[in-house]
Amino acid sequence: DVKVTQSSRYLVKRTGEKVFLECVQDMDHENMFWYRQDPGLGLRLIYFSYDVKMKEKGDIPEGYSVSREKKERFSLILESASTNQTSMYLCASLRTGDNEQFFGPGTRLTVL
Amino acid sequence: RKEVEQDPGPFNVPEGATVAFNCTYSNSASQSFFWYRQDCRKEPKLLMSVYSSGNEDGRFTAQLNRASQYISLLIRDSKLSDSATYLCVYSWGGGKLIFGQGTELSVKP
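Attention here is on the structure that accompanies the text.

**Let's talk about the interface of chain A and chain B**
- Between chain A and chain B, the contact holds 20 residues from the first and 18 residues from the second.
- Summed over both sides, the interface between chain A and chain B buries roughly 1500 Å², with carbon and sulfur atoms accounting for 54% of that surface.
- The largest share of the area that chain A buries against chain B comes from Leu43, Asn99 and Phe103 of chain A, three residues that together contribute 30% of it.
- Counting across the interface, chain A meets chain B through zero salt bridges.
- At the junction of chain A with chain B, the criterion picks out two residue pairs in polar contact (both at pLDDT 80 or more).

**Examining the sheet that holds strand E8 (residues 73–78) of chain A**
Residues and elements named next belong to chain A.
- With antiparallel pairing, the four strands of this open sheet are ordered in space as E1-E3-E8-E7. Lying at the two open borders of the sheet, with one neighbouring strand each, are strand E1 (4–6) and strand E7 (64–70). With strand direction ignored, the average angle separating the axes of adjacent strands in the sheet is 20°.
- As defined by bridge partners, E1 adjoins strand E3 (residues 19–25) across three bridges and the pair is classed as antiparallel. For Val4, the partnering residue across the bridge sits in E3 and is Gln25.

**Remarks on the pattern of salt bridges**
- For the structure shown, the criterion picks out twelve salt bridges over all chains.
- The partner of Asp38 of chain A in a salt bridge is Arg36 of chain A, with the nearest N and O atoms 2.8 Å apart.
- When its relative accessible area of 11% is taken as the criterion, Asp38 of chain A is described as buried.
- For the salt bridge of Asp77 of chain B with Lys79 of chain B, the shortest nitrogen-to-oxygen distance reads 2.9 Å.
- One salt-bridge network, in which partners are shared between bridges, spans Arg36, Asp38 and Arg44 of chain A.

Calculation rules
- Residues numbered from 1 in each chain as written.
- Chains lettered and ligands numbered in written order.
- Predicted model: local features only at pLDDT ≥ 70, side-chain atom pairs only at ≥ 80, totals over all residues.
- Heavy atoms only, no water.
- Contact = heavy atoms within 4.5 Å.
- Buried area = accessible area lost by both parts, 1.4 Å probe.
- Salt bridge = Lys/Arg side-chain N within 4 Å of Asp/Glu carboxyl O.
- Polar contact = N/O pair within 3.5 Å; in protein donor to acceptor, adjacent residues only side chain to side chain.
- Pairing = 2+ DSSP bridges.
- Helix = DSSP H or I, 4+ residues; strand = E, 2+ residues; numbered from the N terminus.
- Axes fitted to C-alpha atoms, helices over the stretch in contact; angles between N-to-C directions.
- Buried < 20%, exposed > 50% of the residue type's maximum accessible area, 1.4 Å probe, protein only.

As C-alpha coordinates, then:
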(Lines give C-alpha, C1' and ligand atoms only; values in the text may rest on other atoms or scores of the structure.)
Protein backbone atom coordinates (compact mmCIF):
# COMPACT_ATOMS: atom_id res chain seq x y z
CA ASP A 1 0.00 0.00 0.00
CA VAL A 2 1.37 3.38 -1.01
CA LYS A 3 2.20 5.78 1.73
CA VAL A 4 2.89 9.49 2.03
CA THR A 5 3.37 10.78 5.55
CA GLN A 6 3.62 14.31 6.89
CA SER A 7 5.35 15.19 10.12
CA SER A 8 2.43 16.91 11.83
CA ARG A 9 -1.36 16.97 11.43
CA TYR A 10 -1.74 20.25 13.32
CA LEU A 11 0.80 22.97 13.98
CA VAL A 12 0.54 26.36 15.68
CA LYS A 13 3.35 28.87 15.20
CA ARG A 14 3.93 32.55 15.86
CA THR A 15 4.56 35.25 13.29
CA GLY A 16 8.23 35.39 12.34
CA GLU A 17 9.06 31.83 13.33
CA LYS A 18 10.84 29.50 10.92
CA VAL A 19 8.65 26.52 10.18
CA PHE A 20 9.61 23.14 8.74
CA LEU A 21 7.04 20.79 7.23
CA GLU A 22 8.34 17.34 6.43
CA CYS A 23 7.00 14.85 3.91
CA VAL A 24 8.16 11.29 3.35
CA GLN A 25 7.04 8.80 0.68
CA ASP A 26 7.87 5.13 0.51
CA MET A 27 7.08 4.50 -3.15
CA ASP A 28 10.47 5.48 -4.63
CA HIS A 29 8.78 8.23 -6.65
CA GLU A 30 11.00 10.85 -8.23
CA ASN A 31 8.44 13.67 -8.36
CA MET A 32 7.13 15.31 -5.23
CA PHE A 33 4.93 18.36 -4.67
CA TRP A 34 3.84 20.81 -2.00
CA TYR A 35 0.40 22.45 -2.17
CA ARG A 36 -1.65 24.66 0.06
CA GLN A 37 -5.42 24.42 0.14
CA ASP A 38 -7.65 27.31 1.11
CA PRO A 39 -11.46 27.65 1.00
CA GLY A 40 -12.63 28.99 -2.34
CA LEU A 41 -9.16 28.76 -3.86
CA GLY A 42 -8.63 25.03 -4.14
CA LEU A 43 -5.18 23.46 -4.20
CA ARG A 44 -2.35 25.72 -5.28
CA LEU A 45 1.12 24.47 -6.10
CA ILE A 46 3.93 25.99 -4.03
CA TYR A 47 7.00 24.03 -5.14
CA PHE A 48 7.81 20.72 -6.74
CA SER A 49 10.83 18.55 -7.26
CA TYR A 50 11.73 16.13 -10.04
CA ASP A 51 14.76 14.66 -8.37
CA VAL A 52 17.10 14.86 -5.41
CA LYS A 53 18.50 18.37 -4.90
CA MET A 54 16.29 19.65 -7.68
CA LYS A 55 13.39 22.10 -7.17
CA GLU A 56 11.04 24.15 -9.27
CA LYS A 57 8.75 27.01 -8.29
CA GLY A 58 5.07 26.44 -8.52
CA ASP A 59 2.37 29.08 -8.73
CA ILE A 60 2.79 30.63 -5.28
CA PRO A 61 6.41 30.17 -4.10
CA GLU A 62 6.78 33.53 -2.32
CA GLY A 63 7.58 33.14 1.35
CA TYR A 64 8.49 29.47 0.98
CA SER A 65 11.54 27.37 0.19
CA VAL A 66 12.07 23.63 -0.14
CA SER A 67 14.73 21.01 0.39
CA ARG A 68 15.13 17.61 -1.25
CA GLU A 69 18.26 15.97 0.12
CA LYS A 70 16.97 12.42 -0.20
CA LYS A 71 14.61 10.91 -2.73
CA GLU A 72 12.00 9.95 -0.18
CA ARG A 73 11.90 13.25 1.71
CA PHE A 74 10.68 16.66 0.57
CA SER A 75 10.62 19.51 3.08
CA LEU A 76 8.73 22.79 2.92
CA ILE A 77 10.23 25.72 4.82
CA LEU A 78 8.52 28.93 5.84
CA GLU A 79 11.46 31.24 6.45
CA SER A 80 9.46 33.74 8.52
CA ALA A 81 5.90 32.65 9.06
CA SER A 82 3.13 35.18 8.51
CA THR A 83 -0.57 35.03 9.32
CA ASN A 84 -1.49 34.75 5.63
CA GLN A 85 0.35 31.43 5.57
CA THR A 86 -2.28 29.91 7.83
CA SER A 87 -3.56 27.08 5.66
CA MET A 88 -3.78 23.34 5.01
CA TYR A 89 -0.52 22.09 3.49
CA LEU A 90 -0.57 18.94 1.41
CA CYS A 91 2.38 16.98 0.13
CA ALA A 92 2.11 14.58 -2.81
CA SER A 93 4.26 12.23 -4.83
CA LEU A 94 3.71 11.19 -8.41
CA ARG A 95 3.56 7.77 -9.98
CA THR A 96 4.80 8.33 -13.51
CA GLY A 97 3.06 6.45 -16.28
CA ASP A 98 -0.48 7.16 -15.23
CA ASN A 99 0.34 10.50 -13.52
CA GLU A 100 -1.54 9.64 -10.35
CA GLN A 101 -0.55 11.77 -7.39
CA PHE A 102 -0.67 10.32 -3.90
CA PHE A 103 -1.26 12.77 -1.10
CA GLY A 104 -0.23 12.85 2.51
CA PRO A 105 -2.87 13.51 5.20
CA GLY A 106 -2.06 17.22 5.32
CA THR A 107 -0.76 19.61 7.95
CA ARG A 108 -3.10 22.29 9.20
CA LEU A 109 -0.85 25.22 10.08
CA THR A 110 -2.06 28.18 12.11
CA VAL A 111 0.18 31.23 12.36
CA LEU A 112 -0.73 33.57 15.21
CA ARG B 1 -10.17 33.35 -16.17
CA LYS B 2 -9.47 30.45 -13.82
CA GLU B 3 -7.59 27.54 -15.32
CA VAL B 4 -10.25 25.13 -14.11
CA GLU B 5 -13.81 26.19 -13.37
CA GLN B 6 -16.23 24.12 -11.35
CA ASP B 7 -19.58 24.85 -9.79
CA PRO B 8 -18.72 24.75 -6.07
CA GLY B 9 -22.21 23.56 -5.14
CA PRO B 10 -23.23 22.24 -2.73
CA PHE B 11 -25.29 19.71 -4.60
CA ASN B 12 -27.83 18.21 -2.21
CA VAL B 13 -29.41 15.04 -3.61
CA PRO B 14 -31.42 12.14 -2.21
CA GLU B 15 -30.04 8.62 -2.13
CA GLY B 16 -30.52 6.88 -5.45
CA ALA B 17 -30.43 10.07 -7.47
CA THR B 18 -28.28 10.64 -10.53
CA VAL B 19 -26.05 13.70 -10.33
CA ALA B 20 -23.71 15.25 -12.89
CA PHE B 21 -20.81 17.66 -12.45
CA ASN B 22 -19.22 19.67 -15.22
CA CYS B 23 -15.87 21.34 -15.35
CA THR B 24 -14.24 23.59 -17.93
CA TYR B 25 -10.53 24.09 -18.46
CA SER B 26 -8.68 26.86 -20.24
CA ASN B 27 -5.47 25.21 -21.43
CA SER B 28 -6.04 23.59 -24.81
CA ALA B 29 -2.65 21.84 -24.50
CA SER B 30 -3.95 19.80 -21.58
CA GLN B 31 -3.02 16.17 -21.95
CA SER B 32 -4.50 14.21 -19.09
CA PHE B 33 -7.67 14.62 -17.10
CA PHE B 34 -8.80 13.25 -13.77
CA TRP B 35 -11.46 13.38 -11.12
CA TYR B 36 -10.21 13.33 -7.55
CA ARG B 37 -12.40 12.86 -4.49
CA GLN B 38 -11.75 14.62 -1.19
CA ASP B 39 -13.62 13.66 1.97
CA CYS B 40 -14.05 16.21 4.72
CA ARG B 41 -10.73 16.93 6.46
CA LYS B 42 -8.96 14.27 4.39
CA GLU B 43 -6.51 14.34 1.51
CA PRO B 44 -7.58 14.11 -2.14
CA LYS B 45 -7.57 10.68 -3.72
CA LEU B 46 -7.84 9.69 -7.35
CA LEU B 47 -11.37 8.68 -8.28
CA MET B 48 -10.81 8.04 -11.97
CA SER B 49 -8.88 9.17 -15.00
CA VAL B 50 -10.85 10.60 -17.91
CA TYR B 51 -10.21 9.25 -21.38
CA SER B 52 -11.09 10.81 -24.71
CA SER B 53 -13.61 8.11 -25.52
CA GLY B 54 -15.25 8.38 -22.12
CA ASN B 55 -14.98 5.75 -19.44
CA GLU B 56 -17.05 4.09 -16.79
CA ASP B 57 -16.23 2.63 -13.40
CA GLY B 58 -19.24 1.09 -11.78
CA ARG B 59 -21.71 3.87 -11.01
CA PHE B 60 -19.31 6.56 -12.20
CA THR B 61 -18.99 7.77 -15.80
CA ALA B 62 -16.48 10.35 -16.98
CA GLN B 63 -16.60 12.18 -20.29
CA LEU B 64 -14.17 14.50 -22.05
CA ASN B 65 -15.02 17.02 -24.75
CA ARG B 66 -11.78 18.50 -26.07
CA ALA B 67 -13.47 20.76 -28.60
CA SER B 68 -15.48 22.50 -25.89
CA GLN B 69 -12.79 22.02 -23.23
CA TYR B 70 -14.94 20.46 -20.59
CA ILE B 71 -15.09 17.23 -18.67
CA SER B 72 -17.97 15.74 -16.76
CA LEU B 73 -18.64 13.21 -14.05
CA LEU B 74 -21.92 11.35 -13.73
CA ILE B 75 -22.80 9.45 -10.59
CA ARG B 76 -25.73 7.06 -10.80
CA ASP B 77 -27.68 5.61 -7.87
CA SER B 78 -26.03 7.96 -5.35
CA LYS B 79 -25.03 6.50 -2.00
CA LEU B 80 -24.58 8.28 1.31
CA SER B 81 -20.89 7.39 1.07
CA ASP B 82 -20.59 9.43 -2.14
CA SER B 83 -20.83 12.61 -0.07
CA ALA B 84 -17.53 14.41 -0.64
CA THR B 85 -15.92 17.16 -2.68
CA TYR B 86 -15.09 16.22 -6.27
CA LEU B 87 -12.06 17.89 -7.80
CA CYS B 88 -11.65 18.33 -11.53
CA VAL B 89 -7.97 18.03 -12.47
CA TYR B 90 -5.86 18.26 -15.59
CA SER B 91 -2.22 17.91 -16.48
CA TRP B 92 -0.35 19.36 -19.45
CA GLY B 93 2.92 17.62 -18.82
CA GLY B 94 5.72 17.10 -16.34
CA GLY B 95 3.44 15.57 -13.77
CA LYS B 96 2.07 18.94 -12.63
CA LEU B 97 -1.63 18.83 -11.90
CA ILE B 98 -3.99 21.80 -12.06
CA PHE B 99 -6.90 21.48 -9.65
CA GLY B 100 -10.33 23.01 -9.70
CA GLN B 101 -11.66 24.25 -6.40
CA GLY B 102 -14.05 21.33 -6.19
CA THR B 103 -17.77 20.60 -6.21
CA GLU B 104 -19.36 19.61 -2.92
CA LEU B 105 -21.85 16.77 -3.01
CA SER B 106 -24.13 15.88 -0.13
CA VAL B 107 -26.27 12.75 -0.47
CA LYS B 108 -29.19 12.65 1.95
CA PRO B 109 -31.20 9.63 3.15
